[in-house]
Amino acid sequence: MNWEQLLSLKRFGDTNKRLRKEQDETRLGFEVDYDRVIFSSEFRSLQDKTQVIPLSQTDFVHTRLTHSLEVSVVGRSLGRKVGQKILEKHPHLQTTLGYQANDLGAIVAAAALAHDIGNPPFGHSGEKAIGEFFINGEGKKYQSKLSDKEYQDLCDFEGNANGFKIATQSRSGREGGLRLSYATLGAFTKYPKESLPKKPTSQISDKKYGFFQSEKKAFVDVAEELGLIKKSDDHLRYNRHPLAFLVEAADDICYTIIDFEDGINLGLIEEEFALEYLINLVRDSINTKKYALLTNTQDRVSYLRALAINSLINEAVQIFMTNEEDILKGHFNISLLDKSKYEAQINDIIKLSVEKIYQSKEVLEKEIAGYQIINTLLTTYTKSIQNNFEEGPTSNYDKLILKSLPETLSKEGSIYQRLLNICHYVASLSDSQAILQYKKIKGFTL
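Here's a quick rundown of the structure. (Residues numbered from 1 in each chain as written. Predicted model: local features only at pLDDT ≥ 70, side-chain atom pairs only at ≥ 80, totals over all residues. Heavy atoms only, no water.)

Quick look at the overall build of the protein
Along its length, the protein carries 21 helices and 2 strands. In terms of overall dimensions, the protein is globule-like: its C-alpha atoms have a radius of gyration of 22 Å, near the 22 Å expected for 446 residues. Projected onto the principal axes, the alpha-carbon positions of the protein cover approximately 70 × 55 × 40 Å. Expressed as a percentage of the 446 residues in the protein, the buried residues total 54%. For the protein, the share of sequence-separated contacts (at least 6 apart) that also reach a separation of at least 24 residues comes to 73%. Carbon and sulfur atoms form 48% of the exposed surface of the protein, whose accessible area is close to 19700 Å². (Helix = DSSP H or I, 4+ residues; strand = E, 2+ residues; numbered from the N terminus. Rg over C-alpha atoms; globule rule 2.2 N^0.38 Å. Buried < 20%, exposed > 50% of the residue type's maximum accessible area, 1.4 Å probe, protein only. Contact = heavy atoms within 4.5 Å. Areas by Shrake-Rupley, 256 points an atom, 1.4 Å probe, with all protein chains shown as cover.)

Considering the packing of aromatic side chains
Counted according to the given criterion, the structure contains 11 aromatic pairs. A connected cluster of aromatic rings, assembled from ring pairs, spans Phe 164, Phe 211, Phe 219 and Tyr 238. A cation sits over an aromatic face here: Arg 418 above Phe 389, 4.6 Å from the ring centre. (Phe/Tyr/Trp six-rings, centres within 6.5 Å; stacked < 30°, edge-to-face > 60°. Lys NZ or Arg CZ within 6 Å of the ring centre and 35° of its normal.)

Quick look at the pattern of salt bridges
If you walk through the whole model with that rule in mind, you get 21 salt bridges. With a shortest N-O distance of 3.0 Å, Asp 156 and Lys 198 are connected by a salt bridge. Taken together, the positions of Asp 156 in the loop between α8 (148-155) and α9 (159-168) and Lys 198 in the loop between α10 (182-188) and α11 (216-226) put the pair 42 residues apart, joining distant regions of the chain. A relative accessible area of 23% means that Asp 156 is categorised as partly exposed. Its salt-bridge partner being Asp 251, residue Lys 190 comes within 3.7 Å of it at the nearest N-O pair. Of this pair, Lys 190 sits in the loop between α10 and α11 while Asp 251 is found in helix α12 (residues 242-265), placing the two residues 61 residues apart along the sequence. Each member of the pair, Lys 190 as well as Asp 251, carries the same accessibility label: buried. A single salt-bridge network, built from bridges that share partners, covers Asp 14, Arg 18 and Arg 179. (Salt bridge = Lys/Arg side-chain N within 4 Å of Asp/Glu carboxyl O.)

Remarks on the side chain of Gln 386
Summarising the element assignment, Gln 386 is placed in helix α18 (residues 361-389). We classify Gln 386 as buried; its relative accessible area is 0%. One polar contact links Gln 386 to Arg 418, side chain to side chain, over a distance of 3.1 Å. (Polar contact = N/O pair within 3.5 Å; in protein donor to acceptor, adjacent residues only side chain to side chain.)

Re the packing of α12 against helix α13 (residues 271-282)
With their axes 10 Å apart at the nearest point, α12 and α13 run at an angle of 160° to one another. In terms of orientation, α12 lies roughly antiparallel with respect to α13. The way α12 lies across α13 gives a crossing that is left-handed. When α12 is examined against α13, the residues Ile 257, Phe 260 and Ile 264 are found in contact with a partner set consisting of Glu 271, Ala 274, Tyr 277, Leu 278 and Leu 281. Tallied by class, the residues present in the contact of α12 with α13 amount to 7 nonpolar, no polar and 1 charged. (Axes fitted to C-alpha atoms, helices over the stretch in contact; angles between N-to-C directions. Parallel < 35°, antiparallel > 145°, perpendicular 65-115°, else oblique. Left-handed = near helix turned anticlockwise from the far one by under 90°. Nonpolar A, V, L, I, M, F, W, Y, C, P; charged D, E, K, R; others polar.)

With respect to the nonpolar core
Of all hydrophobic cores here, the largest spans 92 residues; its most connected members are Trp 3, Leu 78, Leu 243, Phe 260, Leu 304, Phe 320 and Leu 336. No other element matches the 13 residues that helix α15 (residues 297-322) contributes to this core. With sequence-adjacent residues up to four places away left out, Leu 78 is seen in contact with Leu 246, Ala 249, Ala 250, Ile 313, Ala 316 and Val 317. (Core = buried A, V, L, I, M, F, W, Y, C linked by side-chain atoms within 4.5 Å.)

Comments concerning unusual backbone geometry
A cis amide bond links Leu 196 to the next residue, Pro 197, at an omega of -5°. By secondary structure assignment, the location of Pro 197 is in the loop between α10 and α11. Of note, Arg 179 is a non-glycine position whose phi angle comes to about 50°, a positive value. Structurally, the position occupied by Arg 179 is in the loop between α9 and α10. Phi at Lys 199 takes a positive value of approximately 45°, unusual for a residue other than glycine. Considering the arrangement of structural elements, one finds Lys 199 in the loop between α10 and α11.

Focus on the packing of α13 against helix α17 (residues 343-358)
Relative orientation of the contacting elements α13 and α17 amounts to 155°, with a least axis distance of 9 Å. Our classification of the angle between α13 and α17 gives roughly antiparallel. Handedness of the crossing formed by α13 with α17: left-handed. Of the residues in α17, those touching α13 at Phe 273, Tyr 277, Leu 278, Asn 280 and Leu 281 are Gln 345, Asp 348, Ile 349 and Leu 352. Here the contact of α13 with α17 is composed, by residue class, of 6 nonpolar, 2 polar and 1 charged.

Considerations on helix α2 (residues 29-38)
Among all positions in α2, only Gly 29, Phe 30, Val 32, Asp 33 and Val 37 are buried. End-on, the buried residues of α2 take up no more than an arc of 150°, which puts them together on one face. Looking at the buried side of α2, the elements it contacts are α3 (41-44), α6 (101-113) and α10. (Arc of directions from axis to C-beta.)

Looking at the side chain of Ser 384
Looking at the secondary structure, you find Ser 384 in helix α18. Excluding anything up to four places from it in sequence, Ser 384 contacts Asp 398, Ile 401 and Leu 402.

Next comes the structure, spelled out in structure tokens:
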């Protein structure tokens, strides 16, 4: 892989090559990507989607939206720092082609901003609930009508693949989805493979999948433009865009440190116990006199959080640049933080978060409710659409359900496309919207 291709400004539908030197510096293409994500309706719905604590009434607990904004800020810093070093190492990118260090920051920031845009309501349990519907629920009856990969798309419904669908799918008047640059789409795709085979290797890029069968052609177009290295022809797999490692690192840094902060502020983790974990990350940078002046939990945690994020940013940049040649060759196969000198401390924090936060009674009880809500929505919508098209007969109730669905939801196409579109629609709902839809279907509210 080479940086000139990897930093492509091309967008869906372009017929002429976009050159960096010809860009308007006041409206730079990579910065336009950020704007298009932040003004999208799919991004706005993240303000009411679970990050860790579902349906929390506490204003300082993170939603998917605040988490995404913070990941984008960390991603921007990572991209800019790496950008400076990349231009020092490959000066022709700047002198001949006109790229600036902030370009890489803008790409990573936009991809990081969008990284959760495809996630369904109720956190990661929402993905599992959609999958369970097809593995053990009413959706299992459709298996014989789908190809193996189509069925796997549904059984392992993946927020990353759904995000790529949002970014690229066309509909009337909106060709090419959000029309992001191919560089940003490449950086966004942490798992550049289709759903089968499942986890073919232990490489980090094979852990999940990054596009549905419906967007396979679109992804191949992006991958070929960027010059991503193809790892397999029979089952489509590519090496990552190098900047995807920075997007991943930004997400890893934020959920490790900031989810932990939420747990402390909610009282799920004892302050004295928790602060020791954070201090282990920042012993080299902490100002003990300043820290001693902080009189409350929130300020102490906030100070340590800021130092910890800064330490991990600098560490991730150093690891990326040390391994840049291997990354470009497709030989680097783990996350950046897996090579961090702070790996033990990070793992300690994650282990405690799993025990005290992710498996807390409040989280588990609301995830159980989320399963029931999503199962009810999928059962109702898929039955009505399938009755209308092939299974029949279509009842008056089915007709009412179909009319209640948005006009933007395509009800045409193959059975795979119809089922995937329903999953895509349910995934687009915020937590509150999903609950409201459930109550209406059950007749609990008007």
